[in-house]
Amino acid sequence: MPAINNNSLKKILIALGILVLIIIPQLPVSSYYINLLSLILIFALLAMGLNLLVGYTGLSSLGHAAFFGSTAYCAGILSSHYGWSFLASSAAGVIFIILLAGGFGLINVRSKGVTFLMVSIAFGQIIWGLSQSWSAVTGGANGLVGISDPSIFGYVFASCTSYYYIILFVLICCSYLLYRIINSSFGLTLQGIKDNSKRMTSLGYNVFLHSWIAYIISGTLSGIAGILYAYYNNFVSPTDVSVITSAKVMMMVLVGGAGTFFGPALGAIIIVSLENLLSAFTNRWVLIMGIIYILVVMFTPAGLVELIKNSYGKVFSKGDDSNSNKGGDSRERGRSTVKS
Amino acid sequence: MKKLVILLCILMVISLMSGLVSAAETFKIGFISPLTGTFSANGMDMRDGVLLYLSEHNWKLGGRDVELIVEDTEGDPKTALTKARKLAELDKVDIIAGPLLASSGYAVAEYARNNKVPYLDNIVSADDLTQRLYSDYVIRTGWTSSQPMQPFAKWVYDNLGYRKVATIAYDFAFGHETMSGFHYVFEELGGDVVKKIWPPIGTADYAPYLAQIPPDVDAVLANFSGSDALRFMKQYQQFGFKKRFPLIGCGTLTDEHILPSMGDEAIGVISALHYSAAIDTPINNEFYQKYTQRYGRIPSYYSEGTYTSMRVLDVGLQAAGGIDDIMAFLNGIQGKEIKAPRGNFYIDHYNNPVQNIYIRKVERVNDQLQNTVIDMIPEVSQFYNYDPSEFLKKPVYSREFPPVD
Amino acid sequence: MYFWVLQSINAFAFGSLLFLIASGFSLIFGLMDVVNLTHAIFYMMGSYVGFFIFAHTGSFLLAIIGAGLVVALIGAIKYRFFLLKLHGKSLNQVLLCLGFLFVFDDLLLIVFGGDPLILDVPSYLQGMINFGGIYFPNYRLFLIGVGVITILFLHYFIEKTKVGSLIRAGVDDEEMVRAMGININLIFLGVYSLGVFLAAAGGVFGGVILGMRPRMAFEILPLALVVVIIGGKGNIKGAYFGSIVVAFMDNFGRALFPQLSYFTLFLPMVLILTFKPEGLFSNNKIKRRTIT
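This one's a predicted model, so the numbers in the text were calculated from it and none came from an experiment. Along each chain, residues carry numbers from 1 onward, in the same order as the chain's sequence is written. Chain labels run from A onward and ligand labels from 1 onward, assigned in the order the entries are written. Where local features are concerned, this predicted model is filtered to residues with pLDDT of at least 70; where side-chain atom pairs are given and counted, the filter is 80 or more; whole-chain, interface and lining totals use all residues. Values reported for side chains reflect all heavy atoms of the structure, with hydrogen atoms and water molecules removed beforehand.

## What about the overall build of chain B?
When helices and strands are tallied, chain B shows 13 helices and 14 strands. For the radius of gyration, the atom set is restricted to C-alpha positions; the globular benchmark scales as 2.2 Å times the number of residues to the power 0.38. What you see for chain B is a C-alpha radius of gyration of 21 Å, in line with the 22 Å of a compact globule of 405 residues. Overall, chain B is about 65 × 55 × 40 Å in size when its C-alpha atoms are taken along their principal axes. A simple rule labels every residue: compare its accessible area, found with a 1.4 Å probe on the protein chains alone, to the largest value its type can have, and call it buried under 20%, exposed over 50%, or partly exposed in between. Taking all 405 residues of chain B together, the buried fraction comes to 66%. Working rule for contacts: check all heavy atoms of both residues, and any pair within 4.5 Å makes them a contact. Sequence separation of at least 24 residues holds for 68% of the intrachain contacts in chain B that already meet a minimum separation of 6. Surface summary for chain B: the accessible area is close to 13300 Å², and the carbon and sulfur share equals 52%. In summary, the charge assignment counts Lys and Arg as positive and Asp and Glu as negative, without counting His or the chain termini. Think of each charge as sitting on NZ of Lys, CZ of Arg, CG of Asp or CD of Glu. Of the side chains in chain B, 38 bear a positive and 48 a negative charge, and the two mean positions are spaced by 4 Å. Helix and strand assignments come from DSSP, with helices taken as H or I runs of at least 4 residues and strands as E runs of at least 2, each series counted from the N terminus. Note that accessible areas follow from Shrake-Rupley with a 1.4 Å probe, and for residues the cover is restricted to the protein chains shown.

## Points about the overall build of chain C
Helix and strand content of chain C: twelve helices and two strands. For chain C, the sequential pattern of α-helices and β-strands runs α-α-α-α-β-β-α-α-α-α-α-α-α-α. Against the 2.2 N^0.38 benchmark of 19 Å for 292 residues, chain C shows a C-alpha radius of gyration of 19 Å, consistent with a compact globule. Once the C-alpha set of chain C is aligned to its principal axes, its extents read approximately 60 × 45 × 35 Å. Across the 292 residues in chain C, those meeting the buried criterion constitute 63%. Long-range pairs, those at least 24 residues apart, make up 76% of the contacts in chain C between residues at least 6 apart in sequence.

## Things to note about the interface of chain C and chain A
With 50 residues of chain C at the contact, the number on the chain A side is 48 residues. Buried surface at the junction of chain C and chain A, summed over both partners, amounts to about 4800 Å²; 72% is from carbon and sulfur atoms. One side-chain nitrogen of Lys or Arg within 4 Å of one carboxyl oxygen of Asp or Glu is enough to make a salt bridge. In this assembly, chain C and chain A are joined by one salt bridge. Taking the shortest distance from any N to any O, the salt bridge between C:Asp106 and A:Arg284 comes out at 2.8 Å. Here a polar contact is taken to be a pair of N or O atoms separated by no more than 3.5 Å, where protein atoms must pair a possible hydrogen donor with a possible acceptor and residues adjacent in sequence count only if both atoms sit in side chains. Counting across the chain C and chain A interface gives two residue pairs in polar contact (both at pLDDT 80 or more). At the level of elements, helix H1 (2-32), helix H3 (60-83), helix H4 (90-112), helix H9 (217-231), helix H11 (261-275) and helix H12 (284-290) of chain C are the ones that each hand at least two residues to the side of chain C that touches chain A. It is H4(C) that provides the largest number of residues to the side of chain C that touches chain A, a total of 15 residues. The residue classification treats Ala, Val, Leu, Ile, Met, Phe, Trp, Tyr, Cys and Pro as nonpolar and Asp, Glu, Lys and Arg as charged. All others, Gly included, are polar. Of the residues contributing to the side of chain C that touches chain A, the split by class is 33 nonpolar, nine polar and eight charged. When two parts are brought into contact, each loses some accessible area as probed by a 1.4 Å sphere; the total of that loss over both is the buried area.

## What to know about the interface of chain C and chain B
In this complex, chain C contributes 32 residues to the contact, which on the side of chain B involves 34 residues. Together, the buried faces of chain C and chain B total about 2800 Å²; carbon and sulfur atoms form 55% of this surface. Taken together, the connections running from chain C to chain B amount to three salt bridges. Put simply, C:Arg140 and B:Asp205 hold a salt bridge, and the shortest N to O gap is 3.0 Å. Between chain C and chain B we count nine residue pairs in polar contact (both at pLDDT 80 or more) in total. Where the side of chain C that touches chain B is concerned, the elements lending two or more residues are H1, strand S2 (134-137), helix H8 (184-210) and helix H10 (236-256) of chain C. Here the element with the most residues in the side of chain C that touches chain B is H1(C); it accounts for six residues. Residues belonging to the side of chain C that touches chain B are distributed by class as follows: 19 nonpolar, six polar and seven charged.

## Regarding the pairing of strand S3 (residues 64-72) of chain B
All names here are of chain B. A strand pair is defined by DSSP finding two or more bridges across the two strands. Relative to S3, strand S1 (residues 27-33) runs parallel, the two sharing seven bridges. Note on S3: the bridge partner recorded for Lys-28 is Glu-67. The turn linking strand S2 (residues 60-61) back onto S3 is made up of two residues, and Gly-62 within it adopts a positive phi angle of 55°.

## Things to note about unusual backbone geometry
Residue and element names in this part refer to chain B. With an omega dihedral of -10°, the bond running from Phe-401 to Pro-402 counts as a cis peptide bond. Mapped onto the elements of the fold, Pro-402 is located in the segment after helix H13 (388-391). Phi at Asp-367 is positive, roughly 65°, even though this residue is not glycine. Among the secondary structure elements, Asp-367 is positioned in the loop between strand S13 (353-365) and strand S14 (368-380). With relative accessibility at 65%, the residue Asp-367 sits in the exposed group.

## What about the domain arrangement of chain B?
Residues and elements named next belong to chain B. As annotated, the domain borders come from an automatic or database domain assignment. Domain boundaries assigned for chain B yield domain 1 (26-144 + 281-355) and domain 2 (149-280 + 356-391). At the junction of the two partners, domain 1 supplies 35 residues and domain 2 supplies 31 residues. Carbon and sulfur atoms make up 55% of the surface buried where domain 1 meets domain 2, a total of about 2700 Å² over both sides. When the buried surface of domain 1 facing domain 2 is broken down by residue, Trp-143, Tyr-301 and Gln-355 rank first, second and third, together holding 22% of it. Inspection of the region where domain 1 meets domain 2 yields zero salt bridges. Listed by contribution, the elements that provide at least two residues to the side of domain 1 that touches domain 2 are helix H2 (40-56), helix H10 (282-295), helix H11 (301-320) and S13. Residue contributions to the side of domain 1 that touches domain 2 peak at four residues, all from H10. Partitioned by chemical class, the residues of the side of domain 1 that touches domain 2 number 15 nonpolar, 13 polar and seven charged.

## Topic: the side chain of B:Ser103
By secondary structure assignment, the location of B:Ser103 is in helix H4 (residues 102-115). For B:Ser103, a relative accessible area of 5% translates into the label buried. Contact partners of B:Ser103, with chain neighbours within four places excluded, come to A:Ala141, A:Asn142, A:Phe235 and B:Pro77.

## Points about the pattern of salt bridges
Residues and elements named next belong to chain B. Applying the stated criterion across every chain yields a total of 29 salt bridges over all chains. Lys-86 serves as the salt-bridge partner of Glu-71, at 2.6 Å between the closest nitrogen and oxygen. Placement of Glu-71 in strand S3 and of Lys-86 in helix H3 (residues 77-90) is noted, with a sequence separation of 15 residues between them. Of the two residues examined, Glu-71 and Lys-86, each falls in the buried class. Where Arg-364 meets Asp-264, a salt bridge forms, and the shortest distance between an N and an O atom there is 2.6 Å. In this pair, Arg-364 is assigned in strand S13 and Asp-264 in the loop between strand S10 (247-250) and strand S11 (270-273), connecting sequence segments 100 residues apart. Classification of Asp-264 by relative accessible area gives partly exposed; the value is 48%.

## Re the environment of C:Met249
Residue and element names in this part refer to chain C. Position of Met-249 among the secondary structure elements: in helix H10. Here Met-249 falls in the partly exposed class, since its relative accessible area comes to 28%. When the C-alpha positions of Met-249 and Ala-11 are compared, they lie 8.5 Å apart, and in sequence the two are 238 residues distant. Every residue in contact with Met-249, bar those within four places of it in the chain, is listed here: Arg-254, Thr-264, Leu-265 and Pro-268.

## Quick look at the state of the cysteines
Covalently bonding the sulfur atom of one cysteine to the sulfur atom of another cysteine gives a disulfide. Residues and elements named next belong to chain A. Disulfides are defined as pairs of cysteine sulfur atoms found within 2.5 Å of each other. The full count for this structure, using the stated rule, is zero disulfides over all chains. Between Cys-74, a cysteine without a disulfide, and Cys-174, which holds the nearest cysteine sulfur, the sulfur-to-sulfur distance is 17 Å. Judged by relative accessible area, Cys-74 falls into the buried class, the value being 16%.

## Examining the packing of aromatic side chains
All names here are of chain C. Put simply, two rings from Phe, Tyr or Trp (the six-membered ring, in Trp's case) pair if the centres are within 6.5 Å, and we call them stacked under 30 degrees between planes, edge-to-face over 60, tilted for the rest. Taken as a whole and judged by the stated rule, the model has 63 aromatic pairs over all chains. When the centroid spacing of 6.3 Å and the interplanar angle of 80° are considered together, the rings of Phe-3 and Phe-252 count as edge-to-face. With Phe-3 in helix H1 and Phe-252 in helix H10, this residue pair connects regions lying 249 residues apart in the sequence. On the basis of relative accessibility, which here comes to 15%, the residue Phe-3 falls in the buried class. Judged by its relative accessible area of 13%, Phe-252 is buried.

## Here we look at the packing of helix H4 (residues 86-108) of chain A against helix H10 (residues 207-233) of chain A
All names here are of chain A. Fitted lines through C-alpha atoms give the axes, limited to the stretch in contact for helices. The angle between two N-to-C directions lies from 0 to 180 degrees. For the pair H4 and H10, interaxial distance at closest approach is 8 Å and the crossing angle is 145°. For H4 against H10, the interelement crossing comes out right-handed. The class makeup of the residues in the contact of H4 with H10 is 14 nonpolar, nine polar and no charged. Less than a right angle of anticlockwise turn of the near helix away from the far helix marks a crossing as left-handed, whereas a clockwise turn marks it as right-handed.

The following block contains the structure:
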């Protein structure tokens, strides 16, 4: 490409994308689609948060719905039981999730590979079990109701369009932050850990500390998605915490492409749209989801973004080319890492 | 792999298009129930009830053509809410009907209230939806959880002579409301509820809970449904409790959706509900015939509930022509006698039926278990014999209210 | 007293059932590094197939063997045509298993319908036994026996037979066994099928108590995970011990702290991960693999 280089093309594309997202609600579309788009953005944030662990640190977690859901519960309980404002409950939610992820991380990050994954499921189930059985606080199987509409300094974001812009704003801020983290020296260290943690240790890096911090950041981003979600639905239930939700988010990451920046967002678009729109035709959504899962793992373990990139040139994905093809590779290396 | 991508794209486009096409002038019902997952059997019973009524009436209600859009909630409240949104905002349905679970019902009712979308609640029995959270837009044709249990307490007190009872039921609103509704009336009469045990939904093994039943009670009152009821009843018998403490319960414990899977353990259990497939009236016998013929299953209260809810809609549309004017529609149904397999009933000013409560006993007839009706308490209101305004001053029946002393 | 004795016996019975599920899970994990998330659905499949056979033949024994074999065959096919293709890529294998978990769950719903079912206690195991005033169902005592027999069999099989020694060698060092010219793929296939057989047979035994319904697998799965985390991967004695511990925590947790029941179940896991992350019963070689 002679006239424009890759980097500026990418910037233009991103700007265009943001512009489209800003304009859509102003078009004459059904509020249903705006709500659906809001849901997609929330899950995109959750998936991007998970991707920091799965794609950039090499730790596959199947317990992220616990971070998502427990923060949603935290903000929701403060709002419904104690009448806290949107901003106050959100701030409390963020602090809560940092502490929770920090605590879980201390134990979970000690393991690697498939053991890490198992422990993450078990941790997720602890939170699920609490949300289900601690009914005095969480409302139990009935779910948590009575979360107020979000309001900032007296302005109530009751309409789906106004709240959509909040979600979009938060998503853009978090994505930017995530982008900076991934491209910082910290981010590069994480990728080094993912490729070969032994080597990073011998080079003098504190692998545990780096992984732990990545775990907390990842959990926090998922938690922020959870807060947005609680106020989006005005409602939280134990299924939001369940391993099925975790699996769905993991699938978004894999379908889009682990270790690519926009892959998880693409995955969120595909999975959430399919789930909501296919239901008009069939009740076999679970079956379809399972089959997509199997196909992706068997045939495109690197995800759709890699596929598109290979077909149509390197437009998407993170800037540096050193990272291309990592998604597949690293999981192949997973075993050797575990064995070493 | 490119084919897969293309396939996915096509699927998405098709699904998007489908939402844009809509018919005019027909009355649109958006129906949600769990058609997959743990509660799919109940969800399908609900759907079949609706289908039976509509096909019997040539897909016309109150003279208007009807379009039915069915969506699956997966037994998940957030999916129920998403689907309700879709039905209201995209499909522009005139009324949302369903779902099964109280959690989904709360979520959908809140949406209905806030967005002024009529919501036909045919199964969800959470008390407050037609009590303290009353809304013109929430029309219940089913029951409140405590509705059968309050008269049942008196019936048990008078006819079975039990004075000391322990309860064991789901640890969420459905369990709390049924048990505490019984508790309140039973203690007012002079009886004593000595212990309330609350296993969570989906409990695999009830042994840890059964072991907590005090040894000196006259009977055990229980409420579960679906697979939980099945496991509970088996285990209650396996541990020998059935011989020691008679089991009484809320009707869902032995409802027809689960009764065919049960065995001897269910025989003799006495329960209360506003329906039994064994009610011996011409209208119920006809319903029973048609339903079993068409679907090869015995109608459960879920099937009857949605079937009858269509009748209510029929009556309302006949009177008001539509539902856009919600007050006109409510005037068309409130206080009007409605014919139903469960027995004729009418809807009160809080949009909840005033109906017969049946006392049923499980018996084996022609090698099949059934809920034989042994007594009937006519015209029971959700407020029982209390004055509505006095009743509503009490807190809703819950885990803590009334307290065990 | 009544409460404590009854609960303790019951915990043993429930733990024995858990062991049937977790032992195969642990074996597969230990030998092949496959976290077989599909295992829970093989349990469910066993319940359903067993129910079908029991309803048609009336023989409980036939139901167990039949369900075990049918489901083991399905498991073997899944292993040979899917899992083997991803050999060595542990994480991809887990995710593949997750996909199968969803697919099988929905297929069971299509084939057997959504009605909750429960198996009847076979007539010769009905009734109760009286321990000085404490009544306990015969069937649950029988389960304790089944658990003991299973662990004795597996212990003998792995410690005393030639195949068992190869399996042990495979757990320690797969490459070494390959180098000896032994077809380890066949051993993998065999162990996988054996694990699935145990899960499916467990499904029949468990179907009597727990019944079956769609989505149940997602509730069984975490229990198996915790057992393996506590017992150490690939360790049969550990799996038995872990199953009993989990069952005790679950039983007493539910009775004593009902609102926090799930939390108490996972408490021992958190403690063990903190202080002995390789599991209570593992040796150093396994430790080397589990914790990098």
